[in-house]
Amino acid sequence: MFTTAIAGSLPKPSWLAETEKLWPQWTSQGPELQQAKADATLLWIKAQEDAGLDVIGDGEQARQHFVHGFVEQVEGIDFVNKVTMGIRNNRYDAQVPQVVAPLRLRGRVHAFEAQLARAHTKKKLKFTLPGPMTIVDTVADRFYGDKVKMAMAFAELLNQEALALQADGVDIIQFDEPAFNVYMDEAADWGVQALEIAARGLSCTTAVHICYGYGIEANNNWKKTLGDEWRQYEKVFPALAKSSIQQVSLECMHSHVPMEMMKLLEGKDVMVGVIDVANPAIETAEEIADTIGRALQFVPKHRLIACTNCGLAPMSRAVAEAKLKALAEGAKLASQRYA
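One structure accompanies this document, and this report is about it. Within any chain, residue numbers begin from 1 and follow the written order of that chain's sequence. Confidence filtering applies because this is a predicted model: local features only for residues at pLDDT of at least 70, side-chain atom pairs given and counted only at 80 or more, and all residues used for totals across whole chains, interfaces and linings. As a rule here, side-chain values come from all non-hydrogen atoms in the structure, and water together with hydrogens is ignored.

What follows is about the overall build of the protein. Think of it this way: any DSSP run of H or I at least four residues long counts as a helix, any run of E at least two long counts as a strand, and we number them from the N terminus. Of the regular secondary structure elements, the protein holds 10 helices and 11 strands. Only C-alpha atoms enter the radius of gyration; for comparison, a globular chain is expected to reach 2.2 Å times N to the power 0.38, where N is the number of residues. For 339 residues, the compact-globule estimate of 2.2 N^0.38 gives 20 Å, and the protein sits close to it at 19 Å. Principal-axis analysis of the C-alpha atoms gives the protein an extent of 55 × 45 × 40 Å. The cut-offs for exposure are 20% and 50% of the maximum accessible area for each residue type, with area from a 1.4 Å probe on protein chains only; residues under the lower value are buried, those over the upper are exposed, and the others partly exposed. For the protein, the residues scored as buried account for 60% of the 339 residues in total. Long-range contacts, defined here as pairs at least 24 residues apart, represent 77% of the contacts in the protein between residues at least 6 apart. For every accessible area listed, the method is Shrake-Rupley and the probe measures 1.4 Å; residues are considered covered only by the protein chains on display. Approximately 13,200 Å² of the protein is accessible, and the part contributed by carbon and sulfur atoms is 48%. Charged-residue counts in this description rest on Lys and Arg as positive and Asp and Glu as negative, His and the chain ends being excluded. The atom standing in for a charge is NZ when the residue is Lys, CZ when it is Arg, CG when it is Asp and CD when it is Glu. Charge centroids of the protein, computed over 35 positive and 42 negative side chains, lie 2 Å from each other. Residue contacts are defined here by distance: any two heavy atoms, one from each residue, within 4.5 Å place the two residues in contact.

Encoded structure:
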């Protein structure tokens, strides 16, 4: 009864890149690297299917980072002269490229991995793209002088790639917008507007993923400052409810997000995060089913999708595989309980 899916990323095998890192370095180059990316993509497709998931992703194996995997194919960005910049409202510093000229795509961005994944699974295929606001928060502007204008420019490029991914046979296109939980007023104002541009003209299912970040130290430390109730969703969910985006992903497992926040998403499918990405402990089927049960107080059965809180990229491969199996088992148990 309950569909299962992951938020997006999965750990990279050691023969592809450094392990358990958010910005890993590749272990090879050229044709060898391309083959390794393909092999890792197929490995995770098989692992997701073996775990029993309903919606399959590529695990973002062909990208070093969920944002830079897209922007490195955009003209007008200087990747040679990176600068240090505080991102997510200065939560942590990162080495980021600089926007130095008008933005345009060099060509297709993710055709290789999307077409590979489509050819190797008969299940629904979801593909993730970074959202416009999150991109703007992860690059340095040396050209536009206006982050809203730059976000709209990125939104147009995302729309080009999204339409091409749809033509590749992708069933669900998800935009990742962790920045929505940082710049709440701006997200409700122009962030959702930029998201609408990115999704313009799509007939496949559209989704947006908004979480409190990967389970890295900087994010975990930030969460400790948020108090007993995390109400960031309260500001942006009403704007998303009015949007054309069909699915919204949010963080639930081991978070302090009040479950009633989901009521603000009436009319949307809700991807309920039932897998903690900041803790290597494997959830039990009972824990997951219990979380789903609490969410059902605010989300109709037919609109609830069991998901991970965020990506699993910084975790070990063994832990990620175990969490995928737990996700499927927990959703199955919940389906039996709440049928």
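Here we take up empty space enclosed by the protein. For cavity detection a 1 Å grid was placed over the protein atoms alone, and a set of points counts as a cavity when a 1.4 Å probe fits there but cannot get out; an open set counts as a pocket when protein lies on both sides within 12 Å along at least five of seven lines, with lining residues being those that have an atom within 4 Å of a point. Grid points are joined across faces, edges and corners, and a volume is the space filled by probe spheres set on the points. Per the counting criterion, the structure on display carries three cavities of 30 Å³ or more. In terms of lining residues, the largest cavity is bounded by 21 residues, among which Phe66, Pro178, Gly213, Tyr214 and Cys310 are the most central. Think of it as three bins: nonpolar holds Ala, Val, Leu, Ile, Met, Phe, Trp, Tyr, Cys and Pro, charged holds Asp, Glu, Lys and Arg, and polar takes everything else, Gly as well. Taken together, the residues of the lining of the largest cavity break down into nine nonpolar, eight polar and four charged. There is about 110 Å³ of room inside the second largest cavity.

Angular values range over 0 to 180 degrees, each being the angle between N-to-C directions of two axes fitted as lines to C-alpha atoms, with helices fitted over their stretch in contact. Running from amino to carboxyl end, helix α5 (residues 147-167) crosses helix α6 (residues 184-198) at an angle of 30°, the nearest separation of the two axes being 7 Å. In terms of orientation, α5 and α6 fall into the roughly parallel class. Viewed along their axes, α5 and α6 form a crossing whose handedness is right-handed. Touching Lys147, Val148, Ala151, Met152, Ala155, Glu156, Leu158, Asn159 and Ala162 of α5 are Glu186, Trp190, Gln193, Ala194, Ile197 and Ala198, all from α6. Split into classes, the residues belonging to the contact of α5 with α6 amount to 10 nonpolar, two polar and three charged. We call two directions roughly parallel when the angle between them is under 35 degrees, roughly antiparallel when it is over 145, roughly perpendicular when it lies between 65 and 115, and oblique otherwise. Handedness of a crossing follows from how the near helix is turned relative to the far one, being left-handed for an anticlockwise turn of less than a right angle and right-handed for a clockwise one.

Another point: unusual backbone geometry. In this model, Glu20 sits at a positive phi of 55°, which is unusual for a non-glycine residue. At Glu60, a position not held by glycine, the phi torsion is positive, near 55°. Among the residues examined, Glu60 registers a relative accessible area of 4% and is labelled buried.

Another aspect to go through is the sheet that holds strand β9 (residues 247-251). Spatially, the eight strands line up as an open sheet ordered β1-β11-β10-β9-β8-β7-β5-β2, and their pairing is parallel. Only two strands of the sheet have a single partner each, and these edge strands are β1 (3-4) and β2 (55-56). Looking at chain direction, strand β5 (residues 124-130) and strand β7 (residues 172-176) are connected through five bridges and run parallel. Paired with Leu129 across the bridge in β7 is Phe175. Pairing between strands is defined by DSSP: at least two bridges between them are needed.

Moving on to the pattern of salt bridges. Salt bridges are identified by distance alone: a Lys or Arg side-chain nitrogen within 4 Å of an Asp or Glu carboxyl oxygen. Taken as a whole and assessed by the stated rule, the structure comprises 17 salt bridges. As a salt-bridge pair, Glu186 and Lys147 come within 2.8 Å of each other at their nearest N and O atoms. Here Lys147 lies in helix α5 and Glu186 lies in helix α6, a separation of 39 residues in the sequence. Its relative accessible area of 24% is what places Glu186 among the partly exposed residues. Asp290 is the partner of Arg337 in a salt bridge, and the nearest nitrogen-oxygen pair spans 2.6 Å. One end of the pair, Arg337, is in helix α10 (residues 317-337); the other, Asp290, is in helix α9 (residues 285-295), and 47 residues separate them in sequence. With a relative accessible area of 34%, Asp290 lands in the partly exposed category. Residues participating in the shared-partner salt-bridge network are Arg108, Glu161 and Asp168.

Here the focus is the layout of surface pockets. Volume-wise, the largest pocket comes out at about 230 Å³. Contributing to the lining of the largest pocket are 18 residues, with Thr3, Lys124, Gln247, Asp269 and Ile305 lying nearest its centre. Put simply, the parts of the chain that give the lining of the largest pocket at least two residues each are β5, β10 (269-275) and β11 (304-308). Its residues assigned to classes, the lining of the largest pocket comprises seven nonpolar, six polar and five charged.

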